[in-house]
Amino acid sequence: MEIQIFGIKNSADTRKALRFFAERRLKTHFVDLKERPASPGELRRFVQRFGIEGILDRSSRRFADLGLGAAHLGEERWLEKLAEEPLLLKVPLVRYGAQLTVGDGDQTWRQWTGR
């Protein structure tokens, strides 16, 4: 089974995830969110598991630039906003079958790979 990594090339945590799986010679599919944003449907999987707050990076520069600190949006509107603005996401978003992680999931990845 292939490991899917959604992230941004210049993110240290995304590079760490790519390196982790490459060192173990596991096949990955990398999606650079700056080039091809994740669909609302794909993001919904992560939201169902972690909630909006689990995937939203409130400490990001883009969050502050957009002035979203006082925003009270519904889940559907947040999904649209996250699809439009991938820099608002905690990255990497990693999917292995039905298993998911957000951010640095080193311990979980070790369980997946057994290494």
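The sections below set out a description of the structure shown in this document. (Residues numbered from 1 in each chain as written. Predicted model: local features only at pLDDT ≥ 70, side-chain atom pairs only at ≥ 80, totals over all residues. Heavy atoms only, no water.)

With respect to the packing of aromatic side chains
This structure, assessed with the given rule, holds 6 aromatic pairs. Aromatic side chains Phe6 and Phe46 sit 6.4 Å apart centroid to centroid with 85° between the ring planes, which places their arrangement in the edge-to-face category. With a gap of 40 residues between them, Phe6 in strand E1 (residues 3-7) and Phe46 in helix H2 (residues 40-50) connect regions that are remote in the sequence. In terms of burial, Phe6 and Phe46 fall into one category: buried. Measuring from centroid to centroid gives 5.5 Å for Tyr96 and Trp112, while their planes differ by 25°, and the two rings are stacked. One end of the pair, Tyr96, is in strand E3 (residues 93-96); the other, Trp112, is in helix H6 (residues 106-113), with 16 residues separating them in the sequence. Taking relative accessible area as the criterion, Tyr96 reaches 24% and is therefore assigned partly exposed. (Phe/Tyr/Trp six-rings, centres within 6.5 Å; stacked < 30°, edge-to-face > 60°. Helix = DSSP H or I, 4+ residues; strand = E, 2+ residues; numbered from the N terminus. Buried < 20%, exposed > 50% of the residue type's maximum accessible area, 1.4 Å probe, protein only.)

Let's talk about helix H5 (residues 75-84)
Within H5, burial applies to Trp78, Leu79, Lys81, Leu82 and Ala83. For H5, the elements touching its buried residues are H2, helix H3 (52-55) and helix H4 (61-65). (Contact = heavy atoms within 4.5 Å.)

Brief notes about the nonpolar core
In this structure, Leu43, Ile55, Leu82, Leu89 and Leu93 are the most contacted members of the largest nonpolar core, which totals 24 residues. No other element matches H5, which puts 4 residues into this core. In contact with Leu93, not counting residues within four places along its chain, are Gln4, Ile5, Phe6, Leu43, Phe46, Ile55, Thr101 and Val102. Counting residues in hydrophobic clusters, the runner-up holds 8 residues, among them Ala17, Phe20, Phe21 and Trp112. (Core = buried A, V, L, I, M, F, W, Y, C linked by side-chain atoms within 4.5 Å.)

Overview of the pairing of E3
Where E1 and E3 come together, 4 bridges link them in antiparallel fashion. For Phe6, the partnering residue across the bridge sits in E3 and is Leu93. Examined bridge by bridge, E3 and strand E4 (residues 99-102) share 4 bridges and lie antiparallel to one another. Counterpart to Val94 in the pairing with E4 is Thr101. Linking E3 to E4, which pair antiparallel, is a turn of 2 residues; within it Gly97 sits at a positive phi near 65°. (Pairing = 2+ DSSP bridges.)

Overview of the side chain of Arg24
Looking at where Arg24 falls in the secondary structure, it is placed in the loop between helix H1 (12-23) and strand E2 (28-32). Given the relative accessible area of 14%, Arg24 is considered buried. A polar contact is formed between the side chain of Arg24 and the backbone oxygen of Phe20, at a distance of 3.0 Å. With residues up to four places along the chain from it excluded, the contact list for Arg24 reads Arg110, Thr113 and Arg115. (Polar contact = N/O pair within 3.5 Å; in protein donor to acceptor, adjacent residues only side chain to side chain.)

Everything listed here is a matter of geometry and, on its own, says nothing about what the molecule does.
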